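Each chain, written out:
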Amino acid sequence: AFKAAFEKEGRCISSTHMLNSLQKRNSNEQIISAIINSTSKTDIVLYVAGDTSIRPLLEAKEKYLGNERGKRLVFIGTESWGKTENFVKGHEKAAKGSISAGLYGEPVKQFDGHLSKLRFGQTSSRSVLTDSYFKSLFNCDTDCSTNMIITEAPTYSQ
């Protein structure tokens, strides 16, 4: 959908690389190398849909920080990047210039219901980053509790 909307505006995507959590680290390095060494004369934007895939990509990008093309490589990530620094911690130079984007619309009651049932320390197949979200939302790096409810946090919004 992102690619279609981008191209509909008359823009060009020279290549698309799909990532998944099962890929090995060297494939991330190959992807970054292919983008950095492309013949594109325009700025490069890499859209990363999942939060967990950013760290290996930042590590791979760090090898190219001395290269002018490497500096043009910007990451656009999900809203959770803006709510926590855990995803880029230790790789701040490689993440420089990157942004997080959130989608907004009418609140969805079912979503609040789902989030209100999540608890710190209890894994969920639908919310693999629950503990990171709790730590960020409640600012409780070491003193998080299973009694905390996401939808009751003072800073929570859908």
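Residues numbered from 1 in each chain as written. Predicted model: local features only at pLDDT ≥ 70, side-chain atom pairs only at ≥ 80, totals over all residues. Heavy atoms only, no water.

Where do I start with the overall build of the protein chain in this structure?
Counting its regular elements, the protein chain contains 8 helices and 3 strands. The linear arrangement of helices and strands in the protein chain, starting from the amino end, is α-α-β-α-α-β-α-α-β-α-α. When burial is assessed residue by residue, the protein chain has 28% of its 158 residues classed as buried. Surface summary for the protein chain: the accessible area is close to 10700 Å², and the carbon and sulfur share equals 52%. (Helix = DSSP H or I, 4+ residues; strand = E, 2+ residues; numbered from the N terminus. Buried < 20%, exposed > 50% of the residue type's maximum accessible area, 1.4 Å probe, protein only. Areas by Shrake-Rupley, 256 points an atom, 1.4 Å probe, with all protein chains shown as cover.)

Which parts of the structure should I look at to understand the nonpolar core?
Side chains that are nonpolar tend, in soluble globular proteins, to be buried together. Membership of the largest hydrophobic core comes to 14 residues, with the highest contact counts inside it found for Ile32, Ile36, Ile54, Leu58, Leu73 and Phe75. Contributing elements (two or more residues each) for this core: α2 (25-36), α3 (54-62) and α6 (92-95). Not counting chain neighbours up to four residues away, the residues in contact with Leu58 comprise Phe75, Phe87, Val88, His91, Ala94 and Ala95. Of all hydrophobic cores here, the second largest spans 11 residues; its members include Phe134, Cys140, Cys144 and Ile150. (Core = buried A, V, L, I, M, F, W, Y, C linked by side-chain atoms within 4.5 Å. Contact = heavy atoms within 4.5 Å.)

Help me understand the pattern of salt bridges in this model?
Pairing is possible between side chains that carry opposite charge, provided their charged atoms lie close to one another. Using the criterion set out here, one finds 1 salt bridge in the structure. Between Lys63 and Glu29 there is a salt bridge whose closest N-O contact spans 3.1 Å. Residue Lys63 is found in the loop between α3 and α4 (68-72), and its partner Glu29 is found in helix α2; the two are separated by 34 residues along the sequence. Overall, the relative accessible area of 58% leaves Lys63 in the exposed class. (Salt bridge = Lys/Arg side-chain N within 4 Å of Asp/Glu carboxyl O.)

I'm lost on the side chain of Lys61 in this one. Help?
In this fold, Lys61 is placed in helix α3. There is no salt bridge for the buried Lys61, and the closest opposite charge comes from Glu62, which lies 9.3 Å off by N-O distance. A polar contact of 2.7 Å, which involves the side chain of Lys61, links it to the backbone oxygen of Ala94. In this view, Lys61 contacts Ile32, Gly70, Leu73, Phe75, Ala94 and Lys96; residues no more than four positions away in its chain are not counted. (Lys, Arg positive; Asp, Glu negative; His and termini not counted. Polar contact = N/O pair within 3.5 Å; in protein donor to acceptor, adjacent residues only side chain to side chain.)

Sorry if this is basic, but what is going on with the packing of aromatic side chains here?
Two numbers describe a pair of aromatic rings. These are the distance of the centres and the angle of the planes. Applying the stated criterion to the full structure yields 2 aromatic pairs. When the centroid spacing of 6.1 Å and the interplanar angle of 75 degrees are considered together, the rings of Phe120 and Phe134 count as edge-to-face. Of this pair, Phe120 sits in the loop between α7 (109-117) and α8 (130-138) while Phe134 sits in helix α8, and the two are 14 residues apart along the sequence. Assigned by exposure class, Phe120 and Phe134 land together as buried. Considering the side-chain rings of Phe134 and Phe138, the 5.8 Å spacing of their centres and the 15 degrees angle between planes classify their relative orientation as stacked. With Phe134 and Phe138 both in helix α8 and 4 residues apart, the pair spans about one turn of that helix. Take Phe134: its relative accessible area is 0%, and that puts it in the buried class. One aromatic cluster is present, built from ring pairs that chain together Phe120, Phe134 and Phe138. (Phe/Tyr/Trp six-rings, centres within 6.5 Å; stacked < 30°, edge-to-face > 60°.)

What should I look at first to understand unusual backbone geometry in this one?
In terms of backbone geometry, most residues other than glycine have negative phi values and most peptide bonds are trans. Even without a glycine there, the phi angle at Asn139 is positive, about 50 degrees. Tracing the chain through its elements places Asn139 in the segment after α8. Overall, Asn139 belongs to the exposed group, its relative accessible area being 70%.

Would you take a moment to explain the environment of Ser98 for this structure?
By the secondary structure assignment, Ser98 is in the loop between α6 and β3 (99-101). Along the primary structure Ser98 and Leu73 are separated by 25 residues, whereas in three dimensions their C-alpha atoms are 8.6 Å apart. Of note is the side chain of Ser98, whose polar atom sits 3.1 Å from the backbone nitrogen of Phe75.

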